[in-house]
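# Observations on the three-dimensional arrangement
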Amino acid sequence: MSIKLVVLYPYPKDSESFEKAYTEEHIPLVAKSLTRLTKAVYVRVLMSPSGAAPYCRIAELHYPSLEVMQADFSTPEAQALNVHAASISTGGIPVALICEEETVSFGAAS
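Every other side chain in a regular strand lies on the same face of the sheet, so the side chains alternate between the two faces. Counting buried positions along strand β1 (residues 2-10) yields 8 of 9 residues, so the element is predominantly enclosed. Strand direction decides the pairing type here: β1 and strand β4 (residues 95-101), joined by 7 bridges, are antiparallel. Following the sheet pairing, Leu-5 is matched in β4 by Ile-98. Across 8 bridges, β1 lies against strand β3 (residues 55-63) in antiparallel orientation.

Scanning the model with the defined rule gives 6 salt bridges in all. The partner of Arg-44 in a salt bridge is Glu-19, with the nearest N and O atoms 3.4 Å apart. With Arg-44 in strand β2 (residues 39-44) and Glu-19 in helix α1 (residues 15-33), this pair connects stretches of sequence that are 25 residues apart. On the accessibility criterion, Glu-19 (18% relative accessible area) is buried. Between Glu-24 and Lys-20 there is a salt bridge, with its nearest N and O atoms 2.8 Å apart. Of this pair, Glu-24 and Lys-20 both sit in helix α1, separated by 4 residues, roughly a single helical turn. We classify Lys-20 as partly exposed; its relative accessible area is 48%.

A separate point is the layout of surface pockets. The gaps left among the atoms become clear once a water-sized probe is rolled over them. Empty space within the largest pocket amounts to approximately 280 Å³. Listing elements by their share of the lining of the largest pocket, those giving two or more residues are β1, α1, β3, α2 (66-72), α3 (76-88) and β4. Residue contributions to the lining of the largest pocket peak at 4 residues, all from α3. Grouping the constituent residues of the lining of the largest pocket by class yields 16 nonpolar, 3 polar and no charged.

What counts, and where the lines are drawn
Residues numbered from 1 in each chain as written. Predicted model: local features only at pLDDT ≥ 70, side-chain atom pairs only at ≥ 80, totals over all residues. Heavy atoms only, no water. Buried < 20%, exposed > 50% of the residue type's maximum accessible area, 1.4 Å probe, protein only. Helix = DSSP H or I, 4+ residues; strand = E, 2+ residues; numbered from the N terminus. Pairing = 2+ DSSP bridges. Salt bridge = Lys/Arg side-chain N within 4 Å of Asp/Glu carboxyl O. 1 Å grid on protein atoms, 1.4 Å probe; cavity = no way out; pocket = protein on both sides within 12 Å on 5 of 7 lines; lining within 4 Å. Points joined across faces, edges and corners; volume = space filled by probe spheres on them. Nonpolar A, V, L, I, M, F, W, Y, C, P; charged D, E, K, R; others polar.

Dropping the structure here:
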């Protein structure tokens, strides 16, 4: 099992500006600031089964352990990253969740 931080971004006031800042500024800043990541997954939300979704983007930041994640987020660079995330999220503060992941793989369907 591994640990991941899941960040949920609400729909912004200006989607085009948010996408530009998220892809051109924030994602490169993640790579530069969080040096202990094992994997990062960036998801664009299309919809929920019931229609409109409350979030437009989801980021999954993977770590080998909670201690490693806590160490990575204790740096000044990580604090600046958090400030940047809040500044580009004009639809509200991003929601962050610390999760323990268990992966189950399935064979290809026939």
